[in-house]
Amino acid sequence: MSDQKYTIGMIGLGTMGRNLLLNMADHDVAVAGYDTDASKAELLETEGKGHTVKGFVSLPDFVQSLTSPRTIIMLVPAGKIVDSVISNLEPLLNEGDILIDSGNSHFTDTDRRVTELQTKGIHFFGMGISGGEAGARRGPSMMPGGDKHAYEVMKPIFEAVAAKVDGVPCVTYIGPGASGHFVKMVHNGIEYGLMQLIAETYSLLKNGLKLDNAAIADVFDQWNKGRLQSFLIDITVDIFRYRAPGADHELLDDIKDEAKAKGTGKWTSQASMDLEVPIPTVDTAVSQRDLSKYKKLREQTGDLYPSGDQKLDVNQDEFLKALEQAFYASMIITYAQGMHMLYKASSAYAYQLKLEEIAQIWRGGCIIRSEFLNDIYNAYRTNPDLELLLVDENVKTLLSEAIPGARQVITAAVTAGIAVPAYASSLSYFDSMRTKRSTSNLIQAQRDYFGAHLYELIGQEGSFHTEWVPKEEVDLGEK
């Protein structure tokens with residue numbers, strides 16, 4: 001064994017773990033990595049040549065190589081694997097050591113682990129990381145939450161390796177407990193919604209306007225130079241233009257139309273229902289990924305109900321202007337749903353979230369970074385207690401100007417038989433949220449009719465029940 005000691009240890013040397021560790025090494029941090037795969041440990045040392053970097057395949061040797069108190073980051077798949085790693089580590093750790101879970105763990109698992117490790121004197125926190133391979137290597141957005149002491153120890157290193165926007169590091173202490181993983185989960189839910197909107201835009205351009213990949217790339221490229229500038233639009237341009245070496249067509253056309261998922265979108269939908277916060281654009285995006293997997297069933301249904309050519313009966317230039325408005329409006333609404341969920345979770349789970357800081361760290365390094373996040377940041381900086389982004393005066397102006405385009409696009413799509421469920425969900429959410437007097441009073445009356453569930457009356461205290469018809473006249477469907 002060498003006498004060299006390392007400041008930070010990383011368990012899991014896959015793409016994210018290895019690149020984040022190399023990022024730290026670039027900032028003169030002595031780092032060690034552990035993986036059961038010897039080739040990954042070797043790759044870490046090869047790519048980290050010139051820096052103080054060491055790869056290990058022995059867990060005891062790895063732990064022993066770290067300076068005390070030890071700081072270890074885990075970047076392994078969520079679920080039982082995290083618990084297994086913790087179980088193997090515990091006998092090797094001492095009171096005062098720091099353990100960080102930077103995978104996409106479910107926030108309830110993180111809550112449990114915080115409690116369990118706290119009793120053993122181990123500082124633990126969950127930290128969501130966004131930015132993919134490039135972000136991890138050159139500067140991600142990081143969302144650490146949990147043990148405040150552990151964060152303060154890591155703060156200088158995190159701020160050094162994080163992405164920077166206007167000189168501000170894209171990392172901040174999120175809050176207690178599992179707040180870091182909760183915020184990352186909602187981030188991923190927003191990501192689902194935005195990706196689904198882009199996919200539906202692709203359908204409108206390809207199937208509705210009959211544009212080829214080059215022309216579609218040009219549309220997204222033009223958008224990316226304006227108010228729709230974002231990471232997801234940027235990479236979409238590259239995807240539409242990419243051809244494998246020697247190929248005579250774009251790779252995109254060879255990729256199966258069956259989308260996979262790792263579960264974070266579903267978790268967001270489930271958590272929103274627990275909090276009773278509507279996020280229909282995200283819910284729709286999750287459902288559409290599920291629907292995409294039923295390829296044979298879609299083909300069978302498509303044969304029974306032919307869709308025709310789906311050509312949009314529109315002026316192309318005018319429609320493209322409306323489509324840009326529609327995407328902008330739906331994007332605003334998607335972000336608004338996610339931020340509303342964070343607002344509710346902050347009080348429900350005592351996270352004490354600072355929404356302006358969350359918006360600030362999402363502006364760089366992460367997958368959902370966009371020009372519009374500056375508007376979100378300004379809205380919450382002006383009013384930290386803002387419950388719903390849509391009532392901010394600046395956002396109101398931006399959305400009001402874009403909504404007519406959404407109505408035009410959705411109408412044209414429905415007429416042509418082109419599915420745009422995320423666009424439609426976004427618009428319906430907007431229209432429902434601005435409805436001062438809804439028709440939910442009828443639902444309350446129905447619940448009381450068949451189940452005596454009671455209802456409330458306008459201007460009166462208490463709950464009420466009505467015998468809507470004599471009991472003997474109620475039709476129970478008996479034959």
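What comes next concerns the included structure. Position labels on residues start from 1 in each chain and follow its written sequence. Residue-level local features of this predicted model are given only where pLDDT is at least 70; pairs of side-chain atoms are given and counted only at 80 or more, and the full residue set underlies all totals for whole chains, interfaces and linings. Derived side-chain values reflect all non-hydrogen atoms in the structure, with water molecules and hydrogen atoms excluded from consideration.

Some thoughts on the overall build of the protein
Okay, step 1: Here a helix means four or more residues in a row that DSSP labels H or I, a strand means two or more in a row labelled E, and each is numbered from the N terminus. Helix and strand counts for the protein stand at 19 helices and nine strands.
Okay, step 2: The C-alpha atoms of the protein give 26 Å as radius of gyration, which agrees with the globular expectation for 479 residues (23 Å, within 12%).
Okay, step 3: Overall, the C-alpha framework of the protein stretches about 85 × 65 × 50 Å when taken along its three principal axes.
Okay, step 4: Buried means the residue's accessible area, taken with a 1.4 Å probe over protein chains only, is under 20% of the maximum for its type, while exposed means over 50%, and partly exposed covers the values in between. In the protein, which comprises 479 residues, the share counted as buried stands at 49%.
Okay, step 5: Working rule for contacts: check all heavy atoms of both residues, and any pair within 4.5 Å makes them a contact. At a minimum sequence separation of 6, the contacts of the protein that also span at least 24 residues come to 68%.
Okay, step 6: Per-residue accessibility takes into account occlusion by the displayed protein chains alone, with areas from the Shrake-Rupley method and a 1.4 Å probe. Carbon and sulfur atoms make up 50% of the accessible area of the protein, which totals about 23,400 Å². Radius of gyration here uses only the C-alpha atoms, and the compact-globule reference equals 2.2 Å multiplied by the residue count raised to the power 0.38.

Details of unusual backbone geometry
Okay, step 1: Here serine 68 and proline 69 are connected by a cis peptide whose omega angle stands at -5 degrees.
Okay, step 2: Along the chain, proline 69 turns up in the loop between α3 (59–64) and β4 (71–74).
Okay, step 3: In this structure, aspartate 166 is a non-glycine residue whose phi angle is positive, near 55 degrees.
Okay, step 4: Note that aspartate 166 resides in the loop between β8 (164–165) and β9 (168–169).
Okay, step 5: Given the relative accessible area of 71%, aspartate 166 is considered exposed.

So, the packing of aromatic side chains
Ring pairs (aromatic) are described by centroid distance and by the angle formed between their planes.
Okay, step 1: In summary, the pairing rule links any two rings of Phe, Tyr or Trp, Trp by its six-membered ring, whose centres are within 6.5 Å, and it sorts them by plane angle into stacked for under 30 degrees, edge-to-face for over 60 and tilted for everything else. Within the structure shown, the criterion is met by 19 aromatic pairs.
Okay, step 2: Summarising the aromatic geometry, the rings of phenylalanine 107 and phenylalanine 182 are spaced 4.9 Å apart at their centres and angled 85 degrees between planes, so their arrangement reads as edge-to-face. Of this pair, phenylalanine 107 sits in helix α5 (residues 107–118) while phenylalanine 182 is found in helix α8 (residues 179–208), placing the two residues 75 residues apart along the sequence.
Okay, step 3: By relative accessible area, phenylalanine 107 is classed as buried at 7%.

Regarding the pairing of β4
Each regular strand displays side chains that alternate between the two surfaces of the sheet.
Okay, step 1: Burial along β4 is two-sided: the residues Thr71 and Ile73 and Ile72 and Met74 are all buried.
Okay, step 2: Criterion used throughout: strands pair if DSSP finds at least two bridges between them. Judged from the three bridges that link them, strand β1 (residues 8–11) and β4 form a sheet pairing that is parallel. The residue bridging isoleucine 11 from the neighbouring strand is methionine 74, located in β4.
Okay, step 3: When β4 meets strand β5 (residues 98–101), the two strands line up parallel, connected through four bridges.

A short note on helix α14 (residues 316–348)
Okay, step 1: To estimate the expected span of a helix, subtract one from its residue number and multiply by 1.5 Å. For α14, with 33 residues, the first-to-last C-alpha span of 47 Å sits near the 48 Å given by 1.5 Å per residue.
Okay, step 2: Among the 33 residues that make up α14, 24 are buried, leaving the element largely enclosed by the rest of the structure.
Okay, step 3: In protein, a polar contact requires one atom able to donate a hydrogen and another able to accept it; more generally it is a pair of N or O atoms within 3.5 Å, and residues adjacent in sequence count only if both atoms are side-chain atoms. For α14, the capping residue at the N-terminal end is asparagine 315, with a side-chain oxygen 3.2 Å from the backbone nitrogen of aspartate 317.

Some words on the nonpolar core
Okay, step 1: The biggest cluster of nonpolar side chains holds 96 residues, and the ones touching the most others in it are Phe182, Leu204, Leu342, Trp362 and Phe372.
Okay, step 2: Here this core takes 17 residues from α14, the largest share from any one element.
Okay, step 3: Counting 30 residues, the second-largest nonpolar core is a separate cluster that includes Ala25, Leu44, Ala150 and Ile157. Only buried Ala, Val, Leu, Ile, Met, Phe, Trp, Tyr and Cys residues count toward a nonpolar core, and they belong to the same one when joined by side-chain atoms within 4.5 Å.

Some words on the environment of lysine 266
Okay, step 1: Position of lysine 266 relative to the elements: it lies in helix α11 (residues 264–275).
Okay, step 2: You can call lysine 266 partly exposed: its relative accessible area is 43%.
Okay, step 3: In the structure, lysine 266 is positioned 159 residues away from phenylalanine 107 in sequence and 13 Å away in space, judged by C-alpha atoms.

Digging into the side chain of asparagine 23
Okay, step 1: Along the chain, asparagine 23 falls in helix α1 (residues 15–26).
Okay, step 2: Residue asparagine 23 is classed as buried on the basis of its relative accessible area of 1%.
Okay, step 3: Once you skip the residues sitting within four places of it in the chain, asparagine 23 turns out to touch Gly135, Ala136, Arg137, Arg138, Gly139, Pro140 and Val161.

Spatial relationships are all this shows, so hold off on functional conclusions.
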